[in-house]
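# Structural overview
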Amino acid sequence: MPRDEPARSVSRAAAEALLARRYAPAAVAATAWERLEPWEVARVRLAGPGVPERLIVKWVRAHPDRTRSARWRVRTEVAALRFLADDLGFGAAPRLITADIATGVVVLEDLGPRVPLDGVLREGGAAAHRERLLAFARVRGELGAASAGRAEDYYARRAALGAVDPAADRAGRWSGFRDEGIRVAARIGAEISGGAGRELEVALGELAEPRGFLALSNGDPEANNVLVHASGAPDARLIDFEFAGYTHALHDAVCLFVPGPGWLSVGDAIGIGAGDAYRRALAAGVPEAQDDARYGRGLAAACVSYALVRLCRVPTLDGRAPGDGSRPQLVATLEAAARTAGAFRALPRLAGWAWRAAEALRRRWPDADVDLSAVPAYAPRGR
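Residues numbered from 1 in each chain as written. Predicted model: local features only at pLDDT ≥ 70, side-chain atom pairs only at ≥ 80, totals over all residues. Heavy atoms only, no water.

Before going further, it helps to spend a moment on the overall build of the chain. A tally of helices and strands in the chain yields 16 helices and 12 strands. At 21 Å, the chain has a C-alpha radius of gyration in line with the 21 Å of a compact globule built from 383 residues. Of all 383 residues assigned to the chain, the portion counted as buried reaches 55%. Both charge centroids of the chain, one from 52 positive and one from 47 negative side chains, sit 2 Å from each other. (Helix = DSSP H or I, 4+ residues; strand = E, 2+ residues; numbered from the N terminus. Rg over C-alpha atoms; globule rule 2.2 N^0.38 Å. Buried < 20%, exposed > 50% of the residue type's maximum accessible area, 1.4 Å probe, protein only. Lys, Arg positive; Asp, Glu negative; His and termini not counted. Charge placed at Lys NZ, Arg CZ, Asp CG, Glu CD.)

Another aspect to go through is helix α3 (residues 70-88). Between its terminal C-alpha atoms α3 stretches 26 Å, which fits the 27 Å expected from 19 residues at 1.5 Å a residue. All of the buried residues in α3 are Trp-72, Arg-73, Val-74, Thr-76, Glu-77, Val-78, Ala-79, Ala-80, Leu-81, Phe-83, Leu-84 and Leu-88. Two residues or fewer after α3 comes Gly-89, characterised by a positive phi angle close to 65°. (Expected span 1.5 Å × (residues − 1).)

A few words now on the pattern of salt bridges. Scanning the entire structure with this criterion turns up 28 salt bridges. Residue Arg-364 is joined to Asp-318 by a salt bridge in which the shortest nitrogen-to-oxygen separation is 2.9 Å. Remark: Asp-318 occurs in helix α14 (residues 314-318) and Arg-364 occurs in helix α16 (residues 348-364); sequence separation between them is 46 residues. Owing to a relative accessible area of 39%, Arg-364 belongs among the partly exposed residues under this scheme. In this structure, a network of salt bridges that share partners links the residues Lys-58, Arg-73, Glu-77, Asp-240 and Glu-242. (Salt bridge = Lys/Arg side-chain N within 4 Å of Asp/Glu carboxyl O.)

It is worth spelling out the sheet that holds strand β3 (residues 54-59) at this point. Picture the strands of a sheet paired through backbone hydrogen bonds; they go either parallel or antiparallel. Across the sheet, which stays open at both edges, the five strands sit in the order β1-β2-β3-β5-β4 with antiparallel pairing between neighbours. Strand pairing shows two members of the sheet lacking a second neighbour, β1 (32-35) and β4 (96-100), which therefore form its edges. Between one strand axis and the next, the sheet turns by 25° as a mean value, whatever way the strands run. In the sheet, β3 pairs with strand β5 (residues 105-109) via five bridges, with the strands oriented antiparallel. Looking at the pairing, Ile-56 lines up with Leu-108 of β5. Running over the sheet, helix α1 (residues 12-22) touches β1, β2 (41-45), β3, β4 and β5 and is turned about 130° from β4. (Pairing = 2+ DSSP bridges. Axes fitted to C-alpha atoms, helices over the stretch in contact; angles between N-to-C directions. Contact = heavy atoms within 4.5 Å.)

Turning next to the sheet that holds strand β8 (residues 226-228). The three strands lie next to each other as β6-β8-β9, forming an open sheet whose pairing is antiparallel. Two strands bound the open sheet, and with one partner strand each, they are β6 (115-116) and β9 (236-238). Lying over the sheet, helix α5 (residues 130-147) contacts β8 and β9, oriented at roughly 45° with respect to β9.

Now for the nonpolar core. Counting 107 residues, the largest nonpolar core has Leu-84, Leu-311 and Trp-353 as the members making the most contacts within it. With 11 residues, the top contributor of residues to this core is helix α13 (residues 292-311). The residues touching Leu-311, leaving out its near neighbours within four places in the chain, are Gly-181, Val-184, Ala-185, Ile-188, Leu-330, Leu-334, Trp-353 and Leu-361. (Core = buried A, V, L, I, M, F, W, Y, C linked by side-chain atoms within 4.5 Å.)

All right, on to the environment of Arg-178 then. Among the secondary structure elements, Arg-178 is positioned in helix α8 (residues 176-187). When the C-alpha atoms of Arg-178 and Tyr-306 are compared, they prove to be 8.1 Å apart, with 128 residues separating the residues in sequence. Ignoring any residue separated from it by four or fewer positions in sequence, one finds Arg-178 in contact with Ala-171, Leu-204, Leu-207, Ser-305, Leu-308 and Val-309.

Scanning all chains against the criterion turns up zero disulfides. Here Cys-255 is not disulfide-linked; the sulfur of Cys-303 is the nearest cysteine sulfur, at 9.5 Å. Taking relative accessible area as the criterion, Cys-255 reaches 4% and is therefore assigned buried. (Disulfide = S-S within 2.5 Å.)

Our next topic: the pairing of β3. Across the six residues that make up β3, a large majority, five, are buried. When β2 meets β3, the two strands line up antiparallel, connected through five bridges. Across the sheet, Arg-45 pairs through a bridge with Arg-54, a residue of β3.

The linkage connecting Gly-112 with the following residue, Pro-113, adopts the cis geometry, with an omega of 10°. Residue placement: Pro-113 occurs in the loop between β5 and β6. Positive phi values are uncommon outside glycine, yet Asp-240 reaches one of about 65°. Within the secondary structure layout, Asp-240 lies in the loop between β9 and β10 (245-248).

Okay, the environment of Arg-280 next. With respect to the helices and strands, the residue Arg-280 is situated in helix α12 (residues 274-283). A relative accessible area of 59% means that Arg-280 is categorised as exposed. In this structure, the C-alpha to C-alpha distance between Arg-280 and Arg-21, residues 259 residues apart in sequence, is 43 Å.

So, in structure tokens, the structure goes:
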């Protein structure tokens with residue numbers, strides 16, 4: 001596919017027609033397209049008086065999890081970006097310029113020259129980009145602080161565009177995988193029972209009833225959905241609100257403490273300062289974040305819940321060749337969740353279970369029985 005053409009899932013003509021309705025057709029006629037692969041995104045260059053020089057055109061593809069349709073995700077992104085800009089005055093996300101839900105095309109403010117944080121970290125390492133990591137943590141907390149207590153306003157906007165289920169948003173789109181994670185834990189010899197089982201009920205209850213911690217998330221808080229300057233000011237902007245919804249705010253903090261799919265480690269969030277940066281920013285709008293017991297319990301619950309979801313991958317990883325980086329990455333995920341619970345003195349029996357589950361995987365996959373303490377922060381997962 002030529003780099004200057006949108007993917008087949010949307011025609012260039014549909015995108016140009018949308019731009020022509022927003023701007024003068026003559027400006028659109030001079031359009032140049034630059035694909036920003038591997039995403040379904042293009043940078044569009046226009047020409048003419050009073051016309052932005054550059055915009056971002058995004059089109060929605062069929063998502064791998066297949067749980068929500070393309071049009072559903074366009075409606076969600078449109079509602080979320082309008083809510084952030086018009087209702088909250090939140091400036092750390094792209095402005096929505098225009099959209100066509102029927103064709104799945106969204107036109108956004110171009111936030112260049114910012115680039116995705118994950119690429120910056122892969123190239124330069126965490127030590128060289130500590131200030132950008134802190135900006136990443138702060139903007140996550142700022143989103144929670146700005147949006148807390150405004151769920152009704154958001155869902156009024158979202159419902160105006162089509163049916164939505166706030167309860168499903170609150171649970172999170174991966175919540176159904178937790179039950180499978182519990183079953184997998186039993187199959188690998190790390191059943192969640194006794195005190196750990198009782199603490200799991202507490203943890204899931206905490207996540208299901210966030211109370212003051214109920215806040216808007218973009219639904220995918222990993223570093224690939226945050227844009228930063230590769231050099232210069234360490235500010236940050238959030239992108240990709242296709243799966244936005246109100247949920248427990250501390251789901252957005254998990255990525256600071258527990259490695260996501262692309263990382264073997266995210267280091268010590270407390271030592272780096274990212275944990276405190278997030279918490280201070282969140283507490284500006286969520287006073288409950290100042291309560292050590294509630295904050296620690298909620299964060300530990302969110303981290304263990306995430307680890308349970310990732311545990312579902314054991315059958316897939318069983319089929320991979322020894323040495324595949326996904327195996328030690330899953331061990332690292334469980335151990336990071338356990339360390340986080342320990343650092344906040346929360347859910348100790350559930351933390352003990354996570355250590356036991358990690359040990360069970362080390363025995364199951366001898367190639368994953370490696371010293372993770374020596375892995376640097378934001379070391380990419382190997383293959």
